[in-house]
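Per-entry structural report
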Amino acid sequence: MSSSNNNNVARYFDTMDYGPAPESDTDAREWLARHTEGFGHFIDGRFTLAAEGAHFDTAEPATGQRLARIAQGSAKDVDAAVAAARAAQPGWFALGGHGRARHLYALARMVQRHARLLAVVEALDNGKPIRETRDLDVPLAARHFYHHAGWAQLQEREFADQVPLGVVGQIIPWNFPLLMLAWKIAPALALGNTVVLKPAEFTPLSALLFAELAAQAGLPRGVLNVVTGDGATGAALVAHEGVDKIAFTGSTEVGRLIRTATAGTGKSLTLELGGKSPFIVFDDADIDAAVEGVVDAIWFNQGQVCCAGSRLLLQEGIADDFIARLKRRMQTLRVGPPLDKAIDMGSLIDSTQLERVRSLVATGVREGATCYQAPGALPPGGSFFPPTLLTGVQPASTVATEEIFGPVLVTMTFRTPDEAVALANNTRYGLAASVWSETIGLALGIAPQLQAGVVWVNATNLFDAGVGFGGYRESGYGREGGREGCYEYLKPCAWAQRKPRSAAASVAANEAADAKNESALALPAIDRTAKLFIGGKQVRPDGELSSSVFAANGQRAGEVGTGNRKDIRNAVAAARSAAGWSSATPHRRAQALYYLAENLSARAGEFAVRIASLTGVAAKAAQAEVDASVSRLFAYGAWADKYEGTVHVPPLRGVALATVEAIGVVGVVCPDEAPLLSFVSLLAPNLAMGNRTVIVPGEKHALVATDFYQVLETSDLPGGVVNIVTGPAAGLVRTLAEHDDVDALWVFGAKELSRDAERLSVGNLKRTLVDHGLATDWHDPASGEGAVFLRHATQVKNIWIPYGE
């Protein structure tokens, strides 16, 4: 070997410079060339022309050059896709779990067989590094199909009391086009639904390639349909009356629009939205490991990740050292063409996103932050932005509160663990968080306090099909992945059979009154006005107004207070101050429910008389309602310390703890029928799971609920855990829905109440459970009791704990 060559080798070892290592795009370009005339929609098993003939061009983010011609979906295209999905759904479900499992297994194998083509198309279409599409996106997409093939196989046993929703409309974002496709369609198809998918306008190619390959793999026609287009196409899908569910991943702003558009329609809805995730580093952390964690947290996929660790919270003692090491590490990051296997970051999605990131960084500097950017030239053309660090950021600054969705990290410091938690939770979002500490007790003590759906301990950006993913607060609701994700595509068999509520529903079930008991059912002679029950005390309504409650025979049975906005405000404040109930042990909550049952049982005769006189049912039926209410309290007392989380074992060295947490403050509006049993059935699961409630009784028979607060007073519930506000449901639903300190809202009653609850809850995107005017048989445990209510009374937090060296 010549000395010249020796010098070159020695120089490479000295500098450790990387040369380009381009991945071939030949196969991807050939596939695109086969569609040079443009892509149509994929409907009913084949590509079809756009109904109105409109198209648009997509471009490579890394070069700005035209990539493909894409069909612009119209309402007619959406109609055709939904019709195909509707026609295919009964046969797809009738195929059975094993048949669907075989198809999902075939899809998983298909993804693996075409892994390289899918990875290259994804990198070209999105601008992210080929290493990420090859090593994360494609393998995890295959994993989702494998995992959900298993749920399909087990469905008839594990979800025997559930049925599929029907036709599911799914709208996915541009940051993980193929992976989000797998997250969405794998559980939907596995459990017997059919799908109309709307990929992001910027990145439709992997969805179209997947659909083409799925047809080749034998997926039946109409089971999967792909309609491409812009926001108008997505809006047409959301508004379509033939769609039973919308599953959306994207921005919080669009999520609000979808919540508003679907309100009152009866559509199921899951939203996975934005985030501003904290990355917390304590002074005992492995600093070098944490620095590498930061790289993965914020510069993975150019920071275009909803759960990106974009807020770095450092304990003061290590802040300077950490920042110095982080800057040195930033100097080694390479930004380049996405098909280069030796780069760390590719391109942002387009020039609009590039300008947004630039603008927000400039805003941060104007507000006092110091900007550091990794040195090195950016590739010409495209939408490249360097790794960026903003220090000296204040908690209320724009860059600390707004989702940047780019490779920009902001830093703040803290002194104590309590301060770290306060800073971490100082956001309207709640998607993910990372905690770094070598003291596992500290890390596991912090994790439950973080208001986030996913917490990684000494790790970041870990995902698996068997571990649920989703957020709290304005990061959306619902979960994707694992058993909890399956329930998002199912509904209880008993609820699927519900019919519209009859005006005489409370009497219809027991038509014959017991004439022999007329004297026993005589109305009390003493006039009374029942007060509200707030903070553990009987209080007069703020407006000093009351309304009459009439017995079934038309005579006035008494009066109840008319609650208003201020009464709801006071009740919510009392519930918020009773936060200790959420941290009470499950055993403590179980005891409280058993004690409520004991005290109600002691007054069973009194409640039976009240129910019979107000509703007109027979004495025997009234007694049966009281007995059922006692039994229901016992049932949820039993569930209180048995509805627990689980331990997931994802394919890595570690575990993920799926912990069940209370939602917080839940507003509950009860129907008129079965006035005691429906009241107890909606209150008890919330008590069992640690929620505090503001509950509005059915207006027609509200005296039954005001009698119940006398049971509460003789029990040992802390003040503020249960608050009872009587009054017209329409106004109180509006107030509860608009109140940003109410975390969830349950509304059972008139269809219009459900619509208002969903439409007006967009302010803080609170979770809702409504019946859309469909009557529930409260006496039937399959319909009025059980796990479906417990799932709505809780949210699941997955805490990832890697172990080993």
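Look up a bit, the structure's there.
Notes on the structure in this doc start here. (Residues numbered from 1 in each chain as written. Predicted model: local features only at pLDDT ≥ 70, side-chain atom pairs only at ≥ 80, totals over all residues. Heavy atoms only, no water.)

1. As for the pattern of salt bridges
Counted by the stated rule, this structure contains 40 salt bridges. One salt bridge connects Arg157 with Glu158, and the closest N-O pair in it is separated by 3.4 Å. Arg157 sits in the exposed class, given a relative accessible area of 61%. Taking the shortest distance from any N to any O, the salt bridge between Arg588 and Asp716 comes out at 3.8 Å. Highlighted residues: Arg588 in helix α22 (residues 586-602) and Asp716 in the loop between α26 (703-713) and β29 (722-724), separated in sequence by 128 residues. We classify Arg588 as partly exposed; its relative accessible area is 24%. The exposure class of Asp716 is partly exposed, given its relative accessible area of 38%. Look at the salt bridges and you will find they share partners, linking Glu23, Asp27, Arg116 and Lys341 into a network. (Salt bridge = Lys/Arg side-chain N within 4 Å of Asp/Glu carboxyl O. Buried < 20%, exposed > 50% of the residue type's maximum accessible area, 1.4 Å probe, protein only. Helix = DSSP H or I, 4+ residues; strand = E, 2+ residues; numbered from the N terminus.)

2. Side note on helix α5 (residues 115-126)
Between its first and last C-alpha, α5 extends 16 Å over 12 residues, near the 16 Å set by a 1.5 Å rise per residue. Counting buried positions over the 12 residues of α5 gives 10, a clear majority of the element. Turning to α5, its buried residues are Leu117, Leu118, Ala119, Val120, Val121, Glu122, Ala123, Leu124, Asp125 and Asn126. Immediately beyond the C-terminal end of α5, within one or two residues, lies Gly127, with a positive phi of roughly 95 degrees. (Expected span 1.5 Å × (residues − 1).)

3. Examining the state of the cysteines
Defined simply, a disulfide is a covalent bond joining two cysteines at their sulfur atoms. Summed over the entire model, instances satisfying the criterion amount to 0 disulfides. This cysteine, Cys307, is not joined by any disulfide, and Cys306 carries the nearest cysteine sulfur, 4.7 Å off. For Cys307, a relative accessible area of 2% puts it in the buried group. Cys493 forms no disulfide, and the closest cysteine sulfur to it belongs to Cys486, at a distance of 15 Å. Since its relative accessible area comes to 23%, Cys493 is described here as partly exposed. (Disulfide = S-S within 2.5 Å.)

4. Considerations on the sheet that holds strand β24 (residues 556-561)
Ordered in space as β20-β24-β23, the 3 strands form an open sheet in which the pairing is mixed. Every interior strand has two partners, whereas the edge strands, β20 (529-530) and β23 (546-550), have only one. Pairing between β23 and β24: 5 bridges, direction antiparallel. Of the residues in β24, the one forming a bridge with Val549 is Gly558. Against the sheet, α26 touches β20, β23 and β24, its axis set at about 65 degrees to β24. (Pairing = 2+ DSSP bridges. Contact = heavy atoms within 4.5 Å. Axes fitted to C-alpha atoms, helices over the stretch in contact; angles between N-to-C directions.)

5. Quick notes on the environment of Gly478
By the element assignment, Gly478 lies in the loop between β18 (476-477) and α17 (482-486). C-alpha of Gly478 to C-alpha of Glu272: the two residues are 206 residues apart in sequence and 7.4 Å apart in space. Here Gly478 is in contact with Thr270, Phe469, Gly470, Gly471 and Glu488, once residues within four sequence places are set aside.

6. Here we look at the sheet that holds strand β17 (residues 454-457)
Here 10 strands make up an open sheet; going across it, the order is β13-β14-β15-β12-β11-β16-β17-β32-β26-β25 and the pairing mixed. Because the sheet does not close on itself, it has two edges, and the strands there are β13 (370-373) and β25 (646-648). Neighbour to neighbour, the strand axes of the sheet diverge by 20 degrees on average, direction disregarded. Two strands pair when backbone bridges link them, and β25 and strand β26 (residues 654-662) are joined in this way by 3 bridges, in the antiparallel orientation. Counted as the bridge partner of Val647 is Leu657 from β26. In this fold helix α11 (residues 287-298) packs onto β11 (278-281), β12 (311-315), β15 (408-414) and β16 (432-436), with an angle of close to 175 degrees to the strand it touches most, β11. Lying on the sheet, helix α12 (residues 316-330) is in contact with β11, β12, β13, β14 (388-391) and β15; it crosses β12 at an angle near 135 degrees.

7. Side note on the packing of aromatic side chains
Evaluation of the coordinates by the stated rule reveals 22 aromatic pairs. Between Phe282 and Phe414, the aromatic rings sit 5.3 Å apart at their centres with planes inclined by 75 degrees, giving edge-to-face as the arrangement. Taken as a pair, Phe282 in the loop between β11 and α11 and Phe414 in strand β15 lie far apart in primary sequence, 132 residues in all. Ring pairs connect the aromatic residues Trp495, Trp746, Phe748, Trp778 and Phe789, which therefore count as one cluster. Above the plane of the ring of Tyr372 lies Lys327, whose end atom (NZ or CZ) is 5.2 Å from the centre. (Phe/Tyr/Trp six-rings, centres within 6.5 Å; stacked < 30°, edge-to-face > 60°. Lys NZ or Arg CZ within 6 Å of the ring centre and 35° of its normal.)

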